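Commentary on secondary and tertiary structure
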Amino acid sequence: MDPIVEMIAGYLACHILAYIVVFRKMAPFRTEKGIFSLHAVSYLIFAAALALMVYRDGQRRDLAAPYLALGLSLHGIYSLSFLELWSLTQGSYSLTILSLIASNPGRATLDTILPLCAIGSEKEKARTSILESLGLIRPISGAQTVLTFKGSLCARMVRLVYWFTDGRSLNR
Amino acid sequence: MTCIMLALGYFAFAASLHAVSRRVKPRANTVQAFLVVGTACGSCLLYNLVMLPNPAALTVTAGLLVFAFASELYIFAFTFVFGSVSASVLLAHLRPGRRPADPPAVGPDIMLRRRLEGMCASGLVRQENGIYEVTQVGRCLASAGRALAGFFRHGSVSAGRELSDNSAPTT
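Each value, and the rule that gives it
Residues numbered from 1 in each chain as written. Chains lettered and ligands numbered in written order. Predicted model: local features only at pLDDT ≥ 70, side-chain atom pairs only at ≥ 80, totals over all residues. Heavy atoms only, no water. 1 Å grid on protein atoms, 1.4 Å probe; cavity = no way out; pocket = protein on both sides within 12 Å on 5 of 7 lines; lining within 4 Å. Points joined across faces, edges and corners; volume = space filled by probe spheres on them. Helix = DSSP H or I, 4+ residues; strand = E, 2+ residues; numbered from the N terminus. Nonpolar A, V, L, I, M, F, W, Y, C, P; charged D, E, K, R; others polar. Core = buried A, V, L, I, M, F, W, Y, C linked by side-chain atoms within 4.5 Å. Buried < 20%, exposed > 50% of the residue type's maximum accessible area, 1.4 Å probe, protein only. Domains from an automatic or database assignment. Contact = heavy atoms within 4.5 Å. Patch = residues over 30% accessible without salt bridge, like charges linked within 9 Å, V, L, I, M, F, W, Y side chains within 5 Å. Areas by Shrake-Rupley, 256 points an atom, 1.4 Å probe, with all protein chains shown as cover. Salt bridge = Lys/Arg side-chain N within 4 Å of Asp/Glu carboxyl O.

**Brief notes about the layout of surface pockets**
Considered as a void within the structure, the second largest pocket measures approximately 180 Å³ in volume. Lining the second largest pocket are F36(A), H39(A), A40(A), Y43(A), L44(A), G76(A), S79(A), L80(A), L83(A), F69(B) and L73(B). For the lining of the second largest pocket, the secondary structure elements donating two or more residues are α2 (32-56) and α3 (64-91) of chain A together with α3 (57-83) of chain B. Tallying contributions element by element places α2(A) first for the lining of the second largest pocket, with 5 residues. Looking at the lining of the second largest pocket residue by residue, the class counts come to 8 nonpolar, 3 polar and no charged.

Shown next, in the form of structure tokens:
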């Protein structure tokens, strides 16, 4: 097999192995920030190492773009899938609802499920404070908030994604 | 470089087709609609890459992976936008005529009812005579979720259990 492709596969295998053996046991890597940093830093180091490896190899310099595209896309697919699964299982509202209904077989009515609204409100409060700490919104007085310039750009990007899907939710 | 440009071009075309398909067939599932157009465009991309002069396995694979990564990012973006509380908070701030003191446009119980409707439409849950039941697919998803939560050491998906333990039993 091509040594660069071997290096790409080996690096990704080592990354998941390091997570299983070391990082998942460490408290900082059980937070959103920690797990995102683990993948973002790895992506940057991997990109630099791959670029260096390809450019230093005289025979493969002409194929630098496909090698970089292949490596960075593979790492991107791996990291994005990992982070999606991680966040989906961390505090998913849908999984909580499913768990509640499953643990009440034959007697889960809307009244049984409605107490979960409290989680929704808590989540909104927690998310609002995270958006504030990220500098996307800022308080103007009391609980009132407005978008910052960075927040306005992010909100417009979200609206663009909405436009592509015609603003309808996933299964309608 | 041609393989990357081709992959990005085909991805842009797939996203545009997806936008059109959402308007032509608004009742279709958003993810499935993209999977259909994405698979069609991906197949055309593969044909185009193989038809390039002197196609190499590396350039064909690189082109397909760039297309796959862009597609995964796009699917992630719209599933995130629909499900994320942060995205709805940001969007609420953009609404014309909204004053900062206005309460949220969507109450928490409406959010929950919509989520339940979505889960019924996806076949994870079914509702009969006001009683909700988890389907086989939903049960598999819940167990997979619990297994993954254990793998990631999130603790467990316990909120539902805690609530059900505290609720009075009905006979």
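From this point, things continue past the structure.
**Observations regarding the nonpolar core**
F34(B) and F67(B) are the most contacted members of the largest nonpolar core, which totals 50 residues. Secondary-structure elements contributing two or more residues to this core are α1 (3-21), α2, α3 and α7 (149-164) of chain A together with α1 (2-24), α2 (30-50), α3 and α4 (85-94) of chain B. Sort the elements by how many residues they give to this core and α3(B) lands first, with 12 residues. Looking at which domains feed residues into this core, each of domain 1 (2-82) and domain 2 (85-169) of chain B gives three or more. Sequence-distant contacts of F34(B), that is, excluding residues within four places in its chain, are made with F11(B), A14(B), A15(B), H18(B), T39(B), S71(B), Y74(B), I75(B) and F78(B). Counting residues in hydrophobic clusters, the runner-up holds 18 residues, among them Y93(A), L100(A), V125(B) and A142(B).

**Structural notes on a nonpolar patch on the surface**
Taken together, the side chains of L17(A), I20(A), V21(A), V22(A) and M26(A) present a nonpolar region at the surface, about 400 Å² in accessible area. Take I20(A): its relative accessible area is 30%, and that puts it in the partly exposed class.

**Some remarks on empty space enclosed by the protein**
Evaluation of the coordinates by the stated rule reveals 1 cavity of 30 Å³ or more. Here the largest cavity defines a volume of roughly 40 Å³. Every residue along the wall of the largest cavity is listed here: I101(A), A102(A), P105(A), E133(B), V134(B) and R139(B). Looking at the lining of the largest cavity, the elements that each hand over two or more residues are α4 (93-102) of chain A together with β2 (131-134) of chain B.

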